[in-house]
Amino acid sequence: LCNTLTSSPLSIANGIIDSKERKLHECRNTTFLNIKECTFKEINIQGISFIGNTYNWNKYLLQFSDCHLSKCINITHNIFKNLKTLAIHLEGTNNATFKSNNAENCALGILKSCNNCHNTKVINNHIDRCGTRLSNIPMIQTIGTNFLVKGNILSDFGYSALSSGVHYTESMNYPCQG
């Protein structure tokens, strides 16, 4: 979890990071949450406003790598605004749902589901002016099997709104379907 570097104790409840000093936390880090090689029943990230972060290539705001879930990862009802990195990166992680989120002015896109991710759902999101950095990154990129992209509003994008499959420099040895 993000290193807040504050002298006052923090609490996280109902999607709010609260400080006894009542100061807004300005995150100067790139990654807020990085989970890898773990087994969970379910992960829920809901109702958080992520506004700005520091640019670092190959680092992401929320990263999930090789996570095994008996249910799913739910990323719902969040706000992603003015991010300099890709918001969510899934690698080798199944059963992820990105639903009813709002994203605006995120330079490197919102979601990349890659490397053998299965059952990824991107539903009813409003994404505006994302993927606009000059690096050929789509707003949403899905690689793997059984993905669903439905009911989203995607506007004012740079490279592309949706990319399905792999980049020409990558290889894929499993079917890409959705």
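Just above, that's the structure.
Now for a description of the structure that goes with this document. Keep in mind the model is a prediction, meaning the values are calculated, not measured. In every chain, residue numbers begin from 1 and rise along the written sequence. Totals for whole chains, interfaces and linings use every residue, but because this is a predicted model, local features are given only for residues with pLDDT of at least 70 and side-chain atom pairs only at 80 or more, for both listing and counting. Derived side-chain values reflect all non-hydrogen atoms in the structure, with water molecules and hydrogen atoms excluded from consideration.

### Concerning the sheet that holds strand β6 (residues 49-51)
- In space, the 5 strands of this open sheet follow the order β6-β10-β13-β16-β19, with parallel pairing throughout. Here the strands that pair on one side only, and so sit at the sheet edges, are β6 and β19 (153-155). Each strand of the sheet is rotated relative to its neighbour by a mean of 5°, with strand direction disregarded.
- Strand pairing requires that DSSP identify at least two bridges connecting the strands. By definition, any uninterrupted DSSP run of H or I lasting at least four residues is a helix, any uninterrupted run of E lasting at least two residues is a strand, and each is numbered from the N terminus. Summarising the sheet, strand β10 (residues 79-81) and strand β13 (residues 102-104) pair through 3 bridges and their orientation is parallel. Among the inter-strand pairings, Ile79 is bridged to a residue of β13, identified as Asn102. Only the stretch in contact is used when a helix axis is fitted, and all axes are lines through C-alpha atoms; the angle between N-to-C directions ranges over 0 to 180 degrees.

### Regarding the nonpolar core
- What is meant by a nonpolar core is a set of buried Ala, Val, Leu, Ile, Met, Phe, Trp, Tyr and Cys residues, joined one to another through side-chain atoms within 4.5 Å. Burial classes follow relative accessibility: with a 1.4 Å probe on protein chains only, a residue under 20% of its type's maximum area counts as buried, one over 50% as exposed, and anything between as partly exposed. Membership of the largest hydrophobic core comes to 32 residues, with the highest contact counts inside it found for Ile45, Leu62, Phe64, Phe80, Ile88, Phe98 and Ile110.
- Taken together, the elements giving at least two residues each to this core come down to β3 (33-36), β5 (43-46), β7 (60-65), β9 (73-76), β11 (86-91), β12 (96-99) and β14 (111-118).
- Beyond its immediate chain neighbours, meaning those up to four positions away, Phe64 contacts Leu33, Ile35, Ile43, Ile45, Ile73, Ile75, His89, Leu90, Glu91 and Thr93. Whether two residues touch is decided by their heavy atoms; if any such pair falls within 4.5 Å, the residues are in contact.

### What about the packing of aromatic side chains?
- Two rings from Phe, Tyr or Trp (for Trp, the six-membered ring) form a pair when their centres are within 6.5 Å of each other. A pair whose planes differ by under 30 degrees is stacked, one over 60 is edge-to-face, and the rest are tilted. Enumeration according to the criterion identifies 2 aromatic pairs in this entry.
- Geometrically, the ring pair formed by Phe50 and Phe80 is stacked, given 5.2 Å between the ring centres and 15° between the ring planes. Here the residue Phe50 occupies a position in strand β6, and Phe80 occupies one in strand β10, the gap between them amounting to 30 residues. Across this residue pair, the class does not change: Phe50 and Phe80 are buried.
- Ring centres of Phe80 and Phe98 lie 5.9 Å apart, and the angle between their planes is 40°; this geometry places the pair in the tilted category.

### Notes on the side chain of Asn74
- Summarising the element assignment, Asn74 is placed in strand β9.
- For Asn74, a relative accessible area of 16% translates into the label buried.
- Not counting residues within four places of it along the chain, the set of residues in contact with Asn74 comprises Glu42, Ile43, Asn44, Ile45 and Thr97.

### A closer look at the pattern of salt bridges
- Every case where a carboxyl oxygen of Asp or Glu lies within 4 Å of a side-chain nitrogen of Lys or Arg is listed as a salt bridge. The full count for this structure, using the stated rule, is 2 salt bridges.
- For Arg129, the salt bridge goes to Glu104, with nearest N and O atoms at 3.0 Å. Taken together, the positions of Arg129 in the loop between β16 (126-128) and β17 (140-145) and Glu104 in strand β13 put the pair 25 residues apart, joining distant regions of the chain.
- For Glu104, a relative accessible area of 28% translates into the label partly exposed.
- The salt bridge partner of Asp128 is Arg129, with a shortest N-O separation of 2.5 Å.
- By relative accessible area, Asp128 is classed as buried at 16%.
- Residue Arg129 is classed as partly exposed on the basis of its relative accessible area of 29%.
- Beyond isolated ion pairs, a larger network of salt bridges with shared partners links Glu104, Asp128 and Arg129.

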